[in-house]
Amino acid sequence: MGEIISGKELSLKVREEVRLEVEELKGLYGAVPHLVVILVGEDPASQSYVKAKHKACLNAGMKSTVVIKEISTTQDTLLELIDMYNKDSDVHGILVQLPLPKHINEDLIIDAIDIAKDVDGFHPLNIAYMHLGRKAILPATPKGIMTMLKSKNIELKGKDAIVVGRSNIVGKPVAMLLLAEHATVTIAHSRTLNLKEKCLRADIIVAAVGRANTITADMVKEGAVVIDVGVNRVDGKLVGDCDFDAIKDKASFITPVPGGVGPMTITSLLQNTIECYKGILKI
Ligand code: NAP
């Protein structure tokens, strides 16, 4: 059976490192990293993500401000709020919880966040920096995946990787980060032909689709590393995109759902908040 990469366990370790670093920063500079999370509306999933982020910040000894705005909030009001936090030197990170209500243009909102405070790493300039291999705030989920791979010293150089899914928040950035580590990367999507053959060639499979059982055991090469980003509810149970039970005997490493990539996402957000505090883009 392959080794399970537990995001839950790794998260505990990394969050403790984050907490110690926050303590050190407080000792050095007298202030702790401060994250502002803005939530517009009452979407239950967004509410629970925001709550989890707030709790994680507080547990790490950081300052956390959650701003909740009514669903009727106008785009201009939101832009003014972002402008205020951009100018506030006591605030180091700004995150606007997505998705936003339809009357607000998400791109405009993301563009308005000061890139030095863009803890989500969604600002186009941050994305460009990442693609160029320059210093960048990396999007949380892809960053968490790379931390998981590194934690097990998984060799990426010269390996064939396939990323199934090409979203801007997971698929594309994780492909770019794997490429930066010298993997040869294929990006697959809903129009990809012969997905099974392509997956069978891969040493590393990252599934970020949002559909249970997209990756089945017959698509996985013996000894491959399988990272499952998907979160799906099937008969009330949380499952990933991969057929975990069947694949775990073939893979050399595999991430579970829940307890895999999920916990690493907020952990990476905490690391990003520290990086913004330290002003990594300005150095
Ligand atoms: P998304 O924006 O919906 O993108 C899904 C991607 O999957 C698209 O590129 C789509 O192709 C592709 N796709 C759909 N059906 C396919 C198929 N049959 N074969 C191959 N590719 C297919 O989703 P996302 O935001 O990247 O999220 C993906 C999953 O990860 C979701 O389950 C989400 O909940 C989960 N997620 C988890 C975390 C975490 O922290 N654990 C974070 C983010 C996302 P097209 O581009 O052609 O449409």
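Fair warning: this is a prediction, and the values are worked out from it, not measured in the lab.

Cut-offs and rules
- Residues numbered from 1 in each chain as written.
- Predicted model: local features only at pLDDT ≥ 70, side-chain atom pairs only at ≥ 80, totals over all residues.
- Heavy atoms only, no water.
- Axes fitted to C-alpha atoms, helices over the stretch in contact; angles between N-to-C directions.
- Helix = DSSP H or I, 4+ residues; strand = E, 2+ residues; numbered from the N terminus.
- Parallel < 35°, antiparallel > 145°, perpendicular 65-115°, else oblique.
- Left-handed = near helix turned anticlockwise from the far one by under 90°.
- Contact = heavy atoms within 4.5 Å.
- Nonpolar A, V, L, I, M, F, W, Y, C, P; charged D, E, K, R; others polar.
- Near = heavy atom within 4 Å.
- Polar contact = N/O pair within 3.5 Å; in protein donor to acceptor, adjacent residues only side chain to side chain.
- Areas by Shrake-Rupley, 256 points an atom, 1.4 Å probe, with all protein chains shown as cover.
- Salt bridge = Lys/Arg side-chain N within 4 Å of Asp/Glu carboxyl O.
- Buried < 20%, exposed > 50% of the residue type's maximum accessible area, 1.4 Å probe, protein only.
- Core = buried A, V, L, I, M, F, W, Y, C linked by side-chain atoms within 4.5 Å.
- 1 Å grid on protein atoms, 1.4 Å probe; cavity = no way out; pocket = protein on both sides within 12 Å on 5 of 7 lines; lining within 4 Å.
- Points joined across faces, edges and corners; volume = space filled by probe spheres on them.
- Expected span 1.5 Å × (residues − 1).
- Pairing = 2+ DSSP bridges.

**Q** Got a minute to help me understand the packing of helix 1 (residues 7-29) against helix 10 (residues 261-278) in this structure?
**A** Describing two packed helices takes the angle between their axes plus the distance from one axis to the other. The interhelical angle for the contact between helix 1 and helix 10, taken along N-to-C directions, is 20°, at an axis separation of 9 Å. Classified by the angle their axes make, helix 1 and helix 10 are roughly parallel. In the packing of helix 1 onto helix 10, the handedness of the crossing is left-handed. Together, Gly7, Lys8, Leu10, Ser11, Val14, Arg15, Val18, Glu21, Val22, Leu25 and Tyr29 of helix 1 and Pro263, Met264, Ile266, Thr267, Leu270, Gln271, Ile274, Tyr277 and Lys278 of helix 10 make up the contact between the two elements. Its residues assigned to classes, the contact of helix 1 with helix 10 shows twelve nonpolar, four polar and four charged.

**Q** How do you make sense of the site of the ligand when you look at a structure like this?
**A** Arg166, Ser167, Ser190, Val231 and Thr265 are the nearest of the 19 residues found near the ligand. One of the side-chain N or O atoms of Ser167 is found 2.5 Å from an oxygen atom in the ligand. Contacts to the ligand include Ser190, whose side-chain N or O atom sits 2.5 Å from an oxygen atom. In the complex, the protein chains occlude 69% of the 930 Å² of accessible area that the ligand would expose alone. Across the shell around the ligand, the residue classes tally to seven nonpolar, nine polar and three charged.

**Q** Any chance you could explain the pattern of salt bridges here in plain terms?
**A** Where side chains of opposite charge bring their charged atoms close, a pairing between them can arise. Under the definition given, this model contains eleven salt bridges. Close ionic contact of Lys152 with Glu3 constitutes a salt bridge, the shortest N to O distance being 2.7 Å. Of this pair, Lys152 sits in the loop between helix 6 (140-151) and strand 5 (160-164) while Glu3 is found in strand 1 (residues 3-4), placing the two residues 149 residues apart along the sequence. You can call Lys152 partly exposed: its relative accessible area is 28%. Relative accessible area serves as the criterion here: at 38%, Glu3 is assigned to the partly exposed category. When the shortest N-O distance is used, the salt bridge between Glu275 and Lys143 registers 3.3 Å. Here Lys143 lies in helix 6 and Glu275 lies in helix 10, a separation of 132 residues in the sequence.

**Q** Any chance you could explain the nonpolar core here in plain terms?
**A** In a soluble, globular protein the nonpolar side chains are often hidden away together inside. Membership of the largest hydrophobic core comes to 52 residues, with the highest contact counts inside it found for Leu149, Leu178, Val206 and Ile227. Take this core: its biggest share by element is eight residues, from helix 10. Ile162, Leu195, Cys199 and Cys242 belong to the second largest nonpolar core, which has 18 residues in total.

**Q** Sorry, what's going on with empty space enclosed by the protein here?
**A** Gaps left between atoms are located by rolling a probe of water-molecule size over the structure's atoms. Under the criterion given, the structure shown has one cavity of 30 Å³ or more. A volume near 50 Å³ is recorded for the largest cavity. Surrounding the largest cavity, Ile94, Leu95, Val96, Leu98, Ile110, Ile113, Asp118, Asp120 and Phe122 form its lining.

**Q** Can you walk me through helix 2 (residues 44-59) in this structure?
**A** A turn of α-helix holds 3.6 residues, and therefore any two residues three or four places apart point the same way. The terminal C-alpha atoms of helix 2, which comprises 16 residues, lie 22 Å apart, in line with the 22 Å expected from a rise of 1.5 Å per residue. At its buried positions, helix 2 is contacted by helix 1, strand 2 (34-40), strand 3 (63-69), strand 4 (93-96) and helix 10. Residue Gly61 follows helix 2 closely and has a positive phi angle near 85°.

**Q** Help me out: how do you make sense of the sheet that holds strand 4 in this one?
**A** The pairing of strands in a sheet comes from backbone hydrogen bonds and takes either a parallel or an antiparallel form. Here we have three strands laid out as an open sheet, ordered 3-2-4, and parallel in their pairing. Looking at the sheet topology across the chains shown, the edges are occupied by strand 3 and strand 4. The sheet shows a mean angle of 15° between the axes of neighbouring strands, direction not considered. Pairing analysis gives seven bridges linking strand 2 to strand 3, with the strands arranged parallel. Its bridge partner being in strand 3, Val40 is matched across the sheet by Lys69.

**Q** I keep staring at unusual backbone geometry and nothing clicks. Help me out?
**A** Trans peptide bonds make up the majority, and among non-glycine residues the majority have a negative phi. Residues Leu98 and Pro99 are joined by a peptide bond in cis, for which omega reads 0°. Tracing the chain through its elements places Pro99 in the loop between strand 4 and helix 4 (106-112). Cis peptide bonds are those with omega within 30 degrees of zero, and the linkage from Val257 to Pro258 qualifies with 0°. The residue Pro258 is located in the loop between strand 11 (253-254) and helix 10 in this model. Although it is not a glycine, Asn153 adopts a positive phi angle of roughly 50°.

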